[in-house]
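If you want the building blocks of each chain, they are given just below.
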Amino acid sequence: MTDSTLLNTLQAVNQTASFNRWAGFEVVRATAGEAEIRMAWREEDMGQYAGYLHAGLIGAMLDTACGYAAATVSGRVLASHFSVNCLAPAVGLSFVARGRVVKAGRKQVFANAELYAEQDRGELVLVATGNAILVPVEASSSPSAKSA
């Protein structure tokens, strides 16, 4: 598949996920084994008590970036294990998650991702990392098969 086909495919999958639409996730780049998503900050519904991006959204962005990176080489996948490391308070105008496949096998795909907070001058500050083990799944009509 070409990079533009991968990007178009992931963008279409992203639009089927109601959570991703609510959060405002945008797939901005896709190549074989890699994916990048972006989300604009919304103070009114994305912050935790101290005003930083909520860890639930940090995890969601990292998980999605890993899943989309895995999908570029293995088709539909579901996470079987996921971990998050918060490195710094997530404060920015927007957030960028970059996922990449570390190793893809027939039954498991290992991926990792970094989450960056974009500052007012466009500088990206690393705020979190994550790792995922994903499993390829057959396409079906079940709701779980609709996730990447």
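For the structure itself, look to the data block above.
Our subject in this report is the structure included herewith. Starting afresh in each chain, residues are numbered from 1 along the sequence in its written order. Predicted model: local features are reported for residues with pLDDT of at least 70 only, side-chain atom pairs are reported and counted for 80 or more only, and whole-chain, interface and lining totals are derived from all residues. Values shown for side chains rest on all heavy atoms present in the structure; no hydrogens or waters enter the calculation.

Re helix H1 (residues 3–16)
Here's step 1: Put simply, DSSP H or I for four residues or longer makes a helix, DSSP E for two residues or longer makes a strand, and each gets a number counted from the N terminus. By definition here, a helix of n residues has an expected span of 1.5 Å times n minus one. With 14 residues, H1 should cover 20 Å at 1.5 Å per step; its first-to-last C-alpha distance of 20 Å lies within 8% of that length.
Here's step 2: Burial classes follow relative accessibility: with a 1.4 Å probe on protein chains only, a residue under 20% of its type's maximum area counts as buried, one over 50% as exposed, and anything between as partly exposed. When H1 is considered as a whole, its buried residues turn out to be Leu 6, Leu 10, Val 13 and Asn 14. All buried residues of H1 fall inside an arc of 105° around its axis, so they share one side.
Here's step 3: Two residues qualify as a contact provided that any one of their heavy atoms is within 4.5 Å of a heavy atom in the partner residue. Looking at the buried side of H1, the elements it contacts are helix H2 (18–23), strand E1 (26–31), strand E2 (34–40) and helix H4 (55–74). This arc is taken over the directions from the axis of the helix to the C-beta atoms.

Some remarks on the sheet that holds E2
Here's step 1: Strands were regarded as paired on the criterion that DSSP finds at least two bridges between them. Here we have six strands laid out as an open sheet, ordered E1-E2-E4-E5-E6-E3, and antiparallel in their pairing. Where the open sheet ends on each side, the last strands, each with one partner, are E1 and strand E3 (77–86). Strand-to-strand twist in this sheet, taken as the mean axis angle between neighbours without regard to direction, amounts to 20°.
Here's step 2: Inter-axis angles, ranging from 0 to 180 degrees, are taken between N-to-C directions of lines fitted to C-alpha atoms, where helices are fitted over the stretch in contact. Docked against the sheet, H1 engages E1 and E2, running at close to 145° with respect to E1.
Here's step 3: Each of E1, E2, E3, strand E4 (94–104), strand E5 (109–118) and strand E6 (124–136) touches H4; the most contacted strand, E4, lies at about 45° to it.

Brief notes about the nonpolar core
Here's step 1: We define the nonpolar core as a collection of buried residues of types Ala, Val, Leu, Ile, Met, Phe, Trp, Tyr and Cys that are connected through side-chain atoms lying within 4.5 Å of one another. With 37 residues, the main nonpolar core has Ile 37, Met 39, Leu 53, Met 61, Phe 95, Leu 115 and Leu 134 as its most contacted residues.
Here's step 2: Elements with a minimum of two residues in this core: H1, E1, E2, H4, E4, E5 and E6.
Here's step 3: A total of eleven residues in this core trace back to one element, the largest contributor, which is H4.
Here's step 4: Those residues within four positions of Met 39 in sequence are excluded, and the remaining contacts are Ala 23, Gly 24, Phe 25, Met 46, Leu 53, Leu 57, Met 61, Ser 94 and Phe 95.

Quick word on the pattern of salt bridges
Here's step 1: Any carboxyl oxygen of Asp or Glu within 4 Å of a side-chain nitrogen of Lys or Arg constitutes a salt bridge here. Summed over the entire model, instances satisfying the criterion amount to six salt bridges.
Here's step 2: One salt bridge in this structure joins Arg 29 and Glu 36, with 3.5 Å as the shortest N-O distance.
Here's step 3: Here Arg 42 makes a salt bridge to Asp 45, at a shortest N to O gap of 3.1 Å.
Here's step 4: We classify Asp 45 as partly exposed; its relative accessible area is 34%.
Here's step 5: Connected via shared salt-bridge partners are Arg 29, Glu 34, Glu 36 and Arg 98.

Interpretation note: all reported values are geometric properties and have no functional meaning in isolation.
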